[in-house]
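What the coordinates show
For reference, the chains in residue letters:
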Amino acid sequence: MVTQVQKPEERDDVSTFLLRQTSKDEKQKQLDEWLPITSSRNAKWWYSAFHNVTAMVGAGILSLPYAMSNLGWGPGVTIMILSWIITLYTLWQMVEMHEMVPGKRFDRYHELGQHAFGEKLGLYIVVPQQLICEIGVDIVYMVTGGKSLKKVHDLVCHNCKPIKQTYFIMIFASVHFVLAHLPNFNSISGISLAAAVMSLSYSIIAWVASIHKGVQPDVQYGYRAPNPSGTVFNFLNAVGDVAFAYAGHNVVLEIQASIPSTPEKPSKGPMWKGVLIAYIIVGLCYFPVALIGYYTFGNHVEDNILISLEKPTWLVVAANLFVVVHVIGSYQLFAMPVFDMMETVLVKKLNFKPSRTLRFVTRNLYVAATMFVAICFPFFGGLLGFFGGFTFAPTSYFLPCIIWLILRKPKRFSISWVINWFCIILGLLIMTLAPIGGLRNIILNAKSYHFLS
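If you check an unreviewed UniProt entry, the protein chain appears there as Amino acid transporter transmembrane domain-containing protein from Erythroxylum novogranatense. Its UniProt record, at the heading Subcellular location (unreviewed entry), says of the protein chain: "Cell membrane".

Spelled out as structure tokens, the structure:
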């Protein structure tokens, strides 16, 4: 038997390669320990529960009675029930796919997309949609926080000089210039828990106050638009409102990344337990607010149910303050993956050094940018419909199904195959049609809006 002897230069080449690989792995490990998504993996199952409640039960719930007034009883109830079932199913798919490759975790939505579609195509498909979703939510939450603060001011101080909504949005944004520097998901767990409690509280207040107010004397349940074309556009916008209410998919893998995992105890167990509890809470919040709010006010309900409620004053003030606390937590929850993407690009692609200064500058710029856009375009109802249809439909309704079909390959015409294609077709319809209604709403509101008013 002849033994090959490596030449000295060959051994040097191998040693150099191993040294470089070790150095590369060490740098990646250090980067993972710094980036907000992967820096902490000690979350418990209940973190998943209140993070998902915070992500899901947000500004969208306040517009559900308004959406019902544009959908009508039959279509409205059907779309809401279907959305709850479909998005719970697609959320289960994402939880299952988080660790579908042994020894690897898809800590970010785009990493799962890259595994399904390829390195470059996966990025091009997922990242733009995810960024639009997360940035869009933060812009809407800036508007919601500002409007809720203004509502509190107007209710408490009847005789005070009117203050522009712009200033209230700026006050709301000032909180985020501080909170944005919390490093990762686990560091905002206390804020997220408070936000989840607040969301449940103001949801209960919304439907209890509606019952207390009673069915209005002139209530009408017909479509609110005066003509057929307006009815169609409003219907499409309302579908987008409902889609916006199911926003948690954009951060679900990132939430699951914070949960520890071993081959014996994978993260999907505690994650799914938290998701189920969160979805039960979502149902207890969404359906009473939507149905009771619409039943009380009919087609005269405002695009934010709390604006329609004037009395009892103390209760409405409390509800609006709860909304402010909740959207503070939700803003941070949706901003964290954006911070992760920005910091990854700056460090890995542009070779910036991971530092507090880098984090301070980038995160403050992000908060300032979302505040500026919110001030310029505070069209709450139109924003919900547009963003809900254009980006939430893909990421929440059908993109997980497409990835599931590619990776799991269920047998053609099996139950799994049929369900996934049903979700894909429905999601595509929402993505195509809903933004039309939302865009029309924005244009109509823009006609009567004065810049920085």
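Of regular secondary structure, the protein chain possesses 17 helices and zero strands. Across the 453 residues in the protein chain, those meeting the buried criterion constitute 53%. Look at the contacts in the protein chain between residues 6 or more apart in sequence, and 86% of them connect residues 24 or more apart. Put simply, the protein chain shows about 20,300 Å² of open surface, and 68% of that area lies on carbon and sulfur atoms.

Aromatic ring pairs are reported here in terms of the distance separating the ring centres and the angle at which the planes meet. One pass over the structure, following the stated rule, counts 14 aromatic pairs. A network of ring pairs unites the aromatic residues Trp73, Tyr221, Tyr294 and Tyr295 as a single cluster. A cation over an aromatic ring shows up here: lysine 273 above the ring of tryptophan 45, its NZ or CZ 4.4 Å from the ring centre.

Here we come to the nonpolar core. The biggest cluster of nonpolar side chains holds 117 residues, and the ones touching the most others in it are Ile61, Met142, Val242, Tyr246, Tyr286, Ile305 and Ile403. Ranked by the residues each element gives to this core, the list is headed by helix α14 (residues 313-349), at 16 residues. Beyond its immediate chain neighbours, meaning those up to four positions away, isoleucine 61 contacts Tyr202, Ser203, Cys285, Tyr286 and Val289.

Here asparagine 320 shows up in helix α14. Every residue in contact with asparagine 320, bar those within four places of it in the chain, is listed here: Ser148, Lys151, Val152 and Leu306.

Axis separation between helix α5 (residues 73-97) and helix α10 (residues 228-244) bottoms out at 10 Å; the angle between their running directions is 30°. Between α5 and α10, the angle falls in the class roughly parallel. Both α5 and α10 take part in a crossing whose hand is right-handed. Of the residues in α10, those in contact with Pro75, Ile79, Met80 and Ser83 of α5 are Phe235, Val239 and Val242. Within the contact of α5 with α10, the residues separate by chemical class into six nonpolar, one polar and no charged.

Along the chain, the position of arginine 408 falls in helix α16 (residues 380-408). Spatially, the C-alpha atoms of arginine 408 and methionine 100 are 9.5 Å apart, while their sequence positions differ by 308 residues. Those residues in contact with arginine 408, other than ones at most four positions away along the chain, are Glu96 and Met100.

Thresholds, definitions, all that
Residues numbered from 1 in each chain as written. Predicted model: local features only at pLDDT ≥ 70, side-chain atom pairs only at ≥ 80, totals over all residues. Heavy atoms only, no water. UniProt positions renumbered as here; feature names shortened; annotations may be inferred. Helix = DSSP H or I, 4+ residues; strand = E, 2+ residues; numbered from the N terminus. Buried < 20%, exposed > 50% of the residue type's maximum accessible area, 1.4 Å probe, protein only. Contact = heavy atoms within 4.5 Å. Areas by Shrake-Rupley, 256 points an atom, 1.4 Å probe, with all protein chains shown as cover. Phe/Tyr/Trp six-rings, centres within 6.5 Å; stacked < 30°, edge-to-face > 60°. Lys NZ or Arg CZ within 6 Å of the ring centre and 35° of its normal. Core = buried A, V, L, I, M, F, W, Y, C linked by side-chain atoms within 4.5 Å. Axes fitted to C-alpha atoms, helices over the stretch in contact; angles between N-to-C directions. Parallel < 35°, antiparallel > 145°, perpendicular 65-115°, else oblique. Left-handed = near helix turned anticlockwise from the far one by under 90°. Nonpolar A, V, L, I, M, F, W, Y, C, P; charged D, E, K, R; others polar.

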